[in-house]
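What follows is each chain in one-letter form.
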Amino acid sequence: MPGIDECLLDVMRLPGARGAAVVDWTSGLALGTVGDSPNGDHEATAAETAEVARMAAEQPAFALGSPEPAAGGAGSAPPVEDVIVTTAAGYHILRFVETDFDSSVFLHLWLDRAEGNLALARIRLGEIAERLVLA
């Protein structure tokens, strides 16, 4: 099972990938980064995207109609699968990662709008998130 670094390298193989990170949305810390950062600072980007992820994950409106958390794990799955932010030059996809502990981690992909394929990136990011092992 791949760890953070291997998963981030897989993410960067996506067409149009500019940068990626694994971020803890409760603390705003980057657990791993690769490629470029939209503002030139991976740690600042992690903190900023964590605010967006936290805002989406903690809103009751998004939790309505979500399935019950899976039994067996200490954590519960976030009610949101992913968040997509569209800008003039690109896309930011925040894909929540379900973990055995507290599920407060997400993958952030910065995708070039002209070179990337949003649908493909979303599907592949979901597959990568399922394989990610956090130790």
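Placed above this text is the structure.
The following paragraphs examine the structure supplied in this document. It should be emphasised that the depicted structure is a prediction, and the values quoted were computed from it without experimental measurement.

Calculation rules
Residues numbered from 1 in each chain as written. Predicted model: local features only at pLDDT ≥ 70, side-chain atom pairs only at ≥ 80, totals over all residues. Heavy atoms only, no water. Pairing = 2+ DSSP bridges. Helix = DSSP H or I, 4+ residues; strand = E, 2+ residues; numbered from the N terminus. Axes fitted to C-alpha atoms, helices over the stretch in contact; angles between N-to-C directions. Contact = heavy atoms within 4.5 Å. Expected span 1.5 Å × (residues − 1). Buried < 20%, exposed > 50% of the residue type's maximum accessible area, 1.4 Å probe, protein only. Arc of directions from axis to C-beta. Polar contact = N/O pair within 3.5 Å; in protein donor to acceptor, adjacent residues only side chain to side chain. Salt bridge = Lys/Arg side-chain N within 4 Å of Asp/Glu carboxyl O.

Spatial ordering of the open sheet is given by β2-β1-β5-β4-β3, a layout of five strands whose pairing is antiparallel. The open sheet has two free edges, formed respectively by β2 (29–35) and β3 (82–86), since each of these has just one partner strand. For this sheet the average axis-to-axis angle between neighbouring strands, irrespective of direction, equals 15°. Judged from the six bridges that link them, strand β1 (residues 17–24) and β2 form a sheet pairing that is antiparallel. Of the residues in β2, the one forming a bridge with Asp24 is Leu29. Lying over the sheet, helix α1 (residues 4–12) contacts β1, β2 and β5 (105–112), oriented at roughly 150° with respect to β1. In the packing of helix α2 (residues 42–57) onto the sheet, the strands contacted are β1, β2, β3, β4 (90–97) and β5, and the crossing angle to β2 comes to about 120°.

Right, let's get into helix α4 (residues 118–131). The terminal C-alpha atoms of α4 lie 20 Å apart, and with 14 residues this matches the ideal 20 Å at 1.5 Å per residue to within 8%. Along α4, the positions that sit buried rather than exposed are Ala121, Leu125, Gly126, Ile128 and Ala129. Angular distribution of buried residues about the axis of α4 spans 165°; they occupy a single face of the element. Exposed side chains of α4 directed beyond 90 degrees from the buried face belong to Ala119, Ile123 and Glu130. Contact partners of the buried residues in α4: α1, β4 and β5. Its side-chain oxygen at 3.1 Å from the backbone nitrogen of Ala119, Asn117 defines the N-terminal cap of α4.

Another aspect to go through is the pattern of salt bridges. Under the defined criterion, the tally for this structure stands at eight salt bridges. Two residues, Arg131 and Asp10, come together in a salt bridge whose shortest N-O distance is 2.5 Å. Of this pair, Arg131 sits in helix α4 while Asp10 sits in helix α1; the two residues are 121 residues apart in sequence, bridging distant segments of the chain. Relative accessible area serves as the criterion here: at 14%, Asp10 is assigned to the buried category. Across the pair Arg54 and Glu51 runs a salt bridge, and its minimum N-O distance is 2.4 Å. Of this pair, Arg54 and Glu51 both sit in helix α2, three residues apart, which is roughly one turn of the helix. According to the relative accessible area criterion, Glu51 is partly exposed, its value standing at 47%. The network of salt bridges with common partners includes Glu81, Asp82, Arg95 and Arg122.

In short, shape yes, function no, at least from these values alone.
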